[in-house]
Amino acid sequence: MFNRADANNDGFVSRDEARAQRALAFDRMDANKDGFLVAAELPRRPGGMGRGGDRRGGGDIFARFDANNDGRVSREEFTAGNMQPFDRLDANKDGVVTGDEVQTLAARARSEARNRMIGAIDANNDGRVSRDEFINADRERFDRMDANKDGKISREEAAAAARAMRNRSGGPGRQGG
């Protein structure tokens, strides 16, 4: 993503380059090439953005981009609106994103994910996960999924558990609020 967005190959992604990438994404999604996105044109991806959903579980795409609330998103609304992802990457707020800033954010996300995983399994709260804690957590997770307690997890039980996990975590692909 970074190399593709860095159009002038200077090792940085400026706001203008980020908007240009967004314009290209808009053009790919605008199936009928009318200059507007509607829900039916949004890609459907398992666990991803599609049919109005936000891949981070943050709500309807139109609520984020449809500035005039007409039920469709223009190219201008899409490219100008919601630069939060860029701003989140631009750690020093200098208007450009460097590879180092992307790596730093990715490392922080990995660290937070590790801490959440350990916290969820670490029964005695010592900051470490023992073999017994790991086995017990796995057993408890299986027991929660096995709704009818027959010692097997059916497709329906697995799907219900996945739905429950998404509802608890705030949406597809997202942990916590």
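Residues numbered from 1 in each chain as written. Predicted model: local features only at pLDDT ≥ 70, side-chain atom pairs only at ≥ 80, totals over all residues. Heavy atoms only, no water.

**Q** Explain the side chain of Asp146 to me, using residue names and the numbers behind them.
**A** Tracing the sequence through the fold places Asp146 in the loop between α7 (131–145) and α8 (155–169). No salt bridge forms around the buried Asp146; measuring N to O, its nearest opposite-charge neighbour Lys149 is 5.8 Å away. Residues contacting Asp146, with those up to four places away along its chain left out, are Gly151, Lys152, Ile153 and Glu157. (Helix = DSSP H or I, 4+ residues; strand = E, 2+ residues; numbered from the N terminus. Buried < 20%, exposed > 50% of the residue type's maximum accessible area, 1.4 Å probe, protein only. Lys, Arg positive; Asp, Glu negative; His and termini not counted. Salt bridge = Lys/Arg side-chain N within 4 Å of Asp/Glu carboxyl O. Contact = heavy atoms within 4.5 Å.)

**Q** Residue-level account of the environment of Thr104, with values.
**A** Position of Thr104 among the secondary structure elements: in helix α6 (residues 99–121). Assessed through its relative accessible area of 48%, Thr104 is described here as partly exposed. Linking Thr104 and Leu89, residues 15 residues apart in sequence, is a C-alpha distance of 8.8 Å.

**Q** Before we move on, could you go through the pattern of salt bridges and cite the residues and values that matter?
**A** For the structure shown, the criterion picks out four salt bridges. Linking Arg72 and Asp70 is a salt bridge whose minimum nitrogen-to-oxygen distance equals 3.5 Å. Assessed through its relative accessible area of 32%, Arg72 is described here as partly exposed. Of the charged contacts, one joins Arg128 and Asp126 as a salt bridge, the two residues approaching to 3.7 Å between their closest N and O atoms. According to the relative accessible area criterion, Arg128 is exposed, its value standing at 60%. The class for Asp126 is partly exposed, based on a relative accessible area of 38%.

**Q** Can you break down the nonpolar core residue by residue, with the values?
**A** Core analysis: the largest hydrophobic core is formed by seven residues, namely Ala25, Phe26, Met29, Leu37, Phe65, Val73 and Phe78. Among the elements that line this core, the one with the most residues is helix α2 (residues 15–29), at three residues. Counting six residues, the second largest nonpolar core, distinct from the first, contains Ala5, Val13, Leu89 and Val97. (Core = buried A, V, L, I, M, F, W, Y, C linked by side-chain atoms within 4.5 Å.)

**Q** Requested: an account of the confidence of the model for the chain, with residues and values cited.
**A** A low pLDDT score tells you not to read the predicted coordinates there in detail. The predicted model of the chain averages 79 in pLDDT, with 80% of residues at 70 or higher. Element-level mean pLDDT values for the chain span from 69 in helix α3 (residues 61–65) up to 90 in α7. Counting interchain partners and residues more than four positions distant, the pLDDT-below-50 stretch residues 45–59 has 34 contacts. Throughout residues 171–177 the model reports pLDDT below 50, and contacts reaching past four residues in sequence, or to other chains, amount to 12 contacts. (pLDDT = per-residue confidence, 0-100.)

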